[in-house]
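Observations on the model geometry
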Amino acid sequence: MLIDLWPMLGLSLTTPHLELRLPTDDELAELAEVAAQGIHAGDYMPFVTPWTIGTPREVARSVIRSFWRRAAEWEPDNWNLGLAVFKDGRPIGVQSMRSKNFAITREVTTGSWLGLAHQGQGYGTQMRVAILELAFTGLGAESAVSGALMDNEASLAVSRKLGYRLDGINREIVQGTLRLDQRLRLDRLDWRAPFSVPIKGLDVSEFGL
């Protein structure tokens, strides 16, 4: 069976209202449509890499390519995990985590997005808690880093709530304009999960451990 060759297909994380796992092909198509319907206001770009620019079809195809690329390029010492986020069985966004040489560095970088219709309901916090529990409890990470443009208050608020500390600023050019990107860091010793996150199907060897 495919899951025997690709154990990540069995990985799932559960929060009080969400499930995070790899999507089936049909679910990936539905997730791509969520992105095509909008992730942010048209006059504001929250991402350093403006991947949401384009027609709805182009944005949807970008989501599909991203999942395929992560799978095709996966190596235990250089991996990028993108989990679809499901609410009541329907995909609403993506929570990602990546690392290089994790067995040595014990550090991960996270990122995420949610469809516009699902923002402002606390799901962003639950997604982040889930992936941090995978990092710290499931994989034994020592630190997790993230970042948000300094005017992306929603993302920064989630980080503050979960105990991240400021870790410097990057000067980025986004769509030809200077934007300041706030780096954030959370260490294992400072992590306290606000709720239980059952982790199923984790094969640590896929992460270089």
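Now for a quick tour of the structure. Because the structure is a prediction, the values reported are computed rather than measured.

1. Focus on the overall build of the chain
In terms of regular secondary structure, the chain is built from six helices and nine strands. By the compact-globule yardstick of 17 Å for 209 residues, the chain fits well, its C-alpha radius of gyration being 16 Å. With respect to the principal axes defined by its C-alpha atoms, the chain has extents near 45 × 40 × 30 Å. Taking all 209 residues of the chain together, 45% fall into the buried category. Relative to all contacts within the chain whose residues are 6 or more apart in sequence, the contacts with residues 24 or more apart total 63%. Of the accessible surface of the chain, which amounts to about 10800 Å², a share of 52% is contributed by carbon and sulfur atoms. Side chains of the chain carry 22 positive and 25 negative charges; the gap between the two charge centres is 4 Å.

2. Remarks on the packing of aromatic side chains
By the definition in use, this model includes seven aromatic pairs. When the centroid spacing of 5.8 Å and the interplanar angle of 55° are considered together, the rings of Trp 51 and Trp 113 count as tilted. Taken together, the residues Trp 51 in the loop between helix H2 (25–36) and helix H3 (56–72) and Trp 113 in strand E5 (residues 107–114) connect sequence positions 62 residues apart. You can call Trp 51 partly exposed: its relative accessible area is 23%.

3. Examining the pairing of strand E8 (residues 177–187)
The side chains of a regular strand alternate between both faces of the sheet. As judged from the seven bridges shared by strand E6 (residues 143–149) and E8, these two strands associate in the antiparallel manner. Bridge pairing links Ala 148 to Gln 182 in E8. Where strand E7 (residues 165–174) lies against E8, eight bridges are found, and the strand directions are antiparallel. Across the sheet, the residue bridging to Leu 166 is Leu 184, located in E8. Following E7, the chain reverses through two residues before pairing antiparallel with E8; Gln 175 in that reversal takes a positive phi of roughly 55°.

4. Some details on unusual backbone geometry
Residues other than glycine seldom take positive phi values, yet Asn 101 does so here, at roughly 50°. Note that Asn 101 resides in the loop between strand E4 (90–100) and helix H4 (102–105). For Arg 106, which is not a glycine, the phi torsion comes out positive at approximately 55°. Tracing the backbone shows Arg 106 in the loop between H4 and E5. Judged by relative accessible area, which is 27%, Arg 106 ranks as partly exposed.

5. Looking at the nonpolar core
Membership of the largest hydrophobic core comes to 38 residues, with the highest contact counts inside it found for Leu 13, Trp 79, Leu 81, Met 97, Leu 132 and Leu 134. Breaking this core down by element, the ones donating at least two residues are strand E3 (78–87), E4, E5, helix H5 (123–138), E6, helix H6 (153–161) and E8. Residue contributions to this core peak at nine residues, all from H5. When sequence neighbours within four positions are dropped, the list of residues in contact with Leu 13 reads Leu 18, Glu 19, Leu 20, Leu 83, Ala 130, Ile 131, Leu 134, Val 197, Pro 198 and Ile 199. In terms of nonpolar packing, the next biggest core, distinct from the first, is built from 19 residues, Leu 28, Ile 64, Val 94 and Trp 113 among them.

Cut-offs applied
- Residues numbered from 1 in each chain as written.
- Predicted model: local features only at pLDDT ≥ 70, side-chain atom pairs only at ≥ 80, totals over all residues.
- Heavy atoms only, no water.
- Helix = DSSP H or I, 4+ residues; strand = E, 2+ residues; numbered from the N terminus.
- Rg over C-alpha atoms; globule rule 2.2 N^0.38 Å.
- Buried < 20%, exposed > 50% of the residue type's maximum accessible area, 1.4 Å probe, protein only.
- Contact = heavy atoms within 4.5 Å.
- Areas by Shrake-Rupley, 256 points an atom, 1.4 Å probe, with all protein chains shown as cover.
- Lys, Arg positive; Asp, Glu negative; His and termini not counted.
- Charge placed at Lys NZ, Arg CZ, Asp CG, Glu CD.
- Phe/Tyr/Trp six-rings, centres within 6.5 Å; stacked < 30°, edge-to-face > 60°.
- Pairing = 2+ DSSP bridges.
- Core = buried A, V, L, I, M, F, W, Y, C linked by side-chain atoms within 4.5 Å.

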